[in-house]
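Reading the structure
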Amino acid sequence: MTVRSKLMVGNWKMHGSLAANAFLLSDLLSGMGGVNCLAAVCVPATHLAQAQSLLVGSALALGAQDVSAHESGAYTGEVSAAMLRDFEVRYVIVGHSERRQLHGETDIVVAHKAQRALAAGITPIVCVGESLSEHESGQTEAVVKRQLAAVIHSNGHCISEIVVAYEPVWAIGTGLTATPEQAQGVHGVLRAQLQAATAQADRVSILYGGSMNAANAADLLAQPDVDGGLIGGASLKATDFLSMLKAASR
Ligand code: PEP
């Protein structure tokens with residue numbers, strides 16, 4: 001049986017400044033003693049250079065929040081996977097619900113983004129999750145399976161290299177959290193779908209995201225298929241994020 005190290009990823013979204021980032025990263029780095037899980041922060045593209053230089057040689061990996069579905073060319077405003085690689089980006093979030101909802105990203109676009117990341121040697125963190133109305137009408141399983149199926153279809157040969165994040169949309173930034181049992185139920189469904197696609201499905205980390213915080217992290221992380229967290233708001237406070245990293249290090 002594969003033992004997966006827990007992976008805790010902060011998603012800073014469109015927050016931060018050069019001054020605020022310097023304080024946050026310095027507080028995080030000075031509090032990492034005793035942390036033995038994998039950890040990363042996904043910073044805005046404009047702050048990759050700063051974060052790269054502050055994190056070099058540390059146990060905190062660098063991540064980005066999005067990547068272009070295109071390799072290069074006339075795509076104003078886009079950032080390619082190769083450009084992220086130049087900053088030694090290790091992870092990139094693809095298909096976050098805010099990108100799907102606010103920027104019209106389809107399952108196919110998300111699958112292509114994952115493909116670009118993998119081709120550049122960057123681990124895509126593929127977000128899946130149902131909306132409140134889908135949740136209430138019992139469609140959770142169908143929605144997350146459809147979203148993951150598109151990524152498996154385009155990336156079948158290297159699907160064990162991805163990270164999946166189950167993020168129920170109704171839990172993101174709302175203070176509502178899936179119960180540990182709800183999260184495990186969906187993670188189990190995703191694990192089974194990965195097992196049908198690859199003999200190495202046990203290697204894939206499946207993170208939970210949606211109002212994970214210092215108080216609820218340990219219970220969520222105790223579930224067998226909850227391999228870590230994708231954390232928005234609580235990752236912007238060093239003490240909270242560090243306490244979650246410690247909960248993942250037990
Ligand atoms: C997220 O942005 O992926 C997220 C889970 O946000 P929050 O932790 O604030 O709900």
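Check the entry above for the structure.
Residues numbered from 1 in each chain as written. Predicted model: local features only at pLDDT ≥ 70, side-chain atom pairs only at ≥ 80, totals over all residues. Heavy atoms only, no water.

A few points about the overall build of the chain
Scanning the chain from N- to C-terminus turns up 10 helices and 8 strands. Against the compact-globule benchmark of 18 Å for 250 residues, the chain has a radius of gyration of 17 Å, which places it among compact chains. Here the contacts in the chain between residues at least 6 apart in sequence split such that 73% fall between residues at least 24 apart. Carbon and sulfur atoms make up 54% of the accessible area of the chain, which amounts to about 11,000 Å² in all. Between the mean site of the 16 positive side-chain charges and the mean site of the 21 negative ones, the chain shows a separation of 4 Å. (Helix = DSSP H or I, 4+ residues; strand = E, 2+ residues; numbered from the N terminus. Rg over C-alpha atoms; globule rule 2.2 N^0.38 Å. Contact = heavy atoms within 4.5 Å. Areas by Shrake-Rupley, 256 points an atom, 1.4 Å probe, with all protein chains shown as cover. Lys, Arg positive; Asp, Glu negative; His and termini not counted. Charge placed at Lys NZ, Arg CZ, Asp CG, Glu CD.)

Here's the deal with the pairing of strand β2 (residues 38-43)
Counting buried residues in β2 gives 5 out of 6 residues, a clear majority hidden from the surface. Handedness of the strand β1 (residues 7-11)-helix α1 (residues 18-30)-β2 crossover: right-handed. The sheet contact formed by β2 and strand β3 (residues 60-64) spans 5 bridges and is parallel. Within β3, the position partnered with V41 by the bridge is L62. (Buried < 20%, exposed > 50% of the residue type's maximum accessible area, 1.4 Å probe, protein only. Right-handed = clockwise from strand over helix to strand, strands pointing away. Pairing = 2+ DSSP bridges.)

Section: the packing of helix α5 (residues 107-119) against helix α7 (residues 140-155)
Taken N-terminus to C-terminus, the directions of α5 and α7 make an angle of 45°; their axes are 8 Å apart at the nearest point. As the angle between them shows, α5 and α7 are arranged oblique. Considering the relative orientation of α5 and α7, their crossing is right-handed. Contact with α5, carried on its side by D107, V110, A111, H112, A114, Q115 and L118, involves R146, Q147, A150, V151, S154 and N155 of α7 and no other residues of that element. In the contact of α5 with α7, the residues fall into 6 nonpolar, 5 polar and 2 charged. (Axes fitted to C-alpha atoms, helices over the stretch in contact; angles between N-to-C directions. Parallel < 35°, antiparallel > 145°, perpendicular 65-115°, else oblique. Left-handed = near helix turned anticlockwise from the far one by under 90°. Nonpolar A, V, L, I, M, F, W, Y, C, P; charged D, E, K, R; others polar.)

Focus: α7
Along its 16 residues, α7 runs 23 Å from first to last C-alpha, staying within 8% of the 22 Å computed at 1.5 Å per residue. Inspection of α7 places T140, V143, V144, Q147, L148, A150, V151, I152, S154 and N155 among the buried residues, and these make up the whole buried set. Where α7 is buried, its residues contact α4 (97-102), α5, β5 (123-128), α6 (132-136), β6 (163-166) and α8 (180-197). (Expected span 1.5 Å × (residues − 1).)

Quick word on the site of the ligand
If you check the shell around the ligand, you find 14 residues, and the closest are K13, E167, G173, S211 and G232. Here an oxygen atom of the ligand sits 2.7 Å away from a polar atom, N or O, in the side chain of K13. Contact between the ligand and G233: an oxygen atom at 2.9 Å from a main-chain N or O atom of the residue. In isolation the ligand offers 290 Å² of accessible surface; the protein chains occlude 95% of this area. Residues that form the shell around the ligand fall into these classes: 4 nonpolar, 8 polar and 2 charged. (Near = heavy atom within 4 Å. Polar contact = N/O pair within 3.5 Å; in protein donor to acceptor, adjacent residues only side chain to side chain.)

A closer look at the side chain of N216
You can see N216 is positioned in the loop between β7 (206-209) and α9 (217-221). Here N216 is in contact with T177 and S211, once residues within four sequence places are set aside.

Re unusual backbone geometry
Peptide bonds are, in most cases, trans, and in most cases residues other than glycine have a negative phi. The phi torsion at E88 lies on the positive side, around 60°, for a residue other than glycine. You can see E88 is positioned in the loop between α3 (81-86) and β4 (91-94). Looking at E88, the relative accessible area reads 49%, which means it is partly exposed. Positive phi values are uncommon outside glycine, yet S211 reaches one of about 55°.

Observations concerning the sheet that holds β7
In spatial order, the strands read β1-β2-β3-β4-β5-β6-β7-β8; together these 8 strands close into a barrel with parallel pairing. Across the sheet, the axes of successive neighbouring strands diverge by a mean angle of 25°, strand direction being ignored. Across 2 bridges, β7 lies against strand β8 (residues 228-231) in parallel orientation. Of the residues in β8, the one forming a bridge with G209 is L230. This element, helix α2 (residues 48-55), spans β2 and β3 of the sheet and lies at about 170° to β3. Sitting on the sheet, α8 touches β5, β6 and β7, and the angle it makes with β7 is about 150°.

Concerning the pattern of salt bridges
The tally for this structure, following the rule as stated, stands at 13 salt bridges. The closest approach of N and O atoms between D66 and R99, which form a salt bridge, is 3.4 Å. Remark: R99 occurs in helix α4 and D66 occurs in the loop between β3 and α3; sequence separation between them is 33 residues. Here R116 and E71 are joined by a salt bridge, their closest N and O atoms 3.9 Å apart. Residue R116 is found in helix α5, and its partner E71 is found in the loop between β3 and α3; the two are separated by 45 residues along the sequence. Salt bridges here are not isolated pairs; linked through shared partners, they connect R4, R191, D225 and D227. (Salt bridge = Lys/Arg side-chain N within 4 Å of Asp/Glu carboxyl O.)

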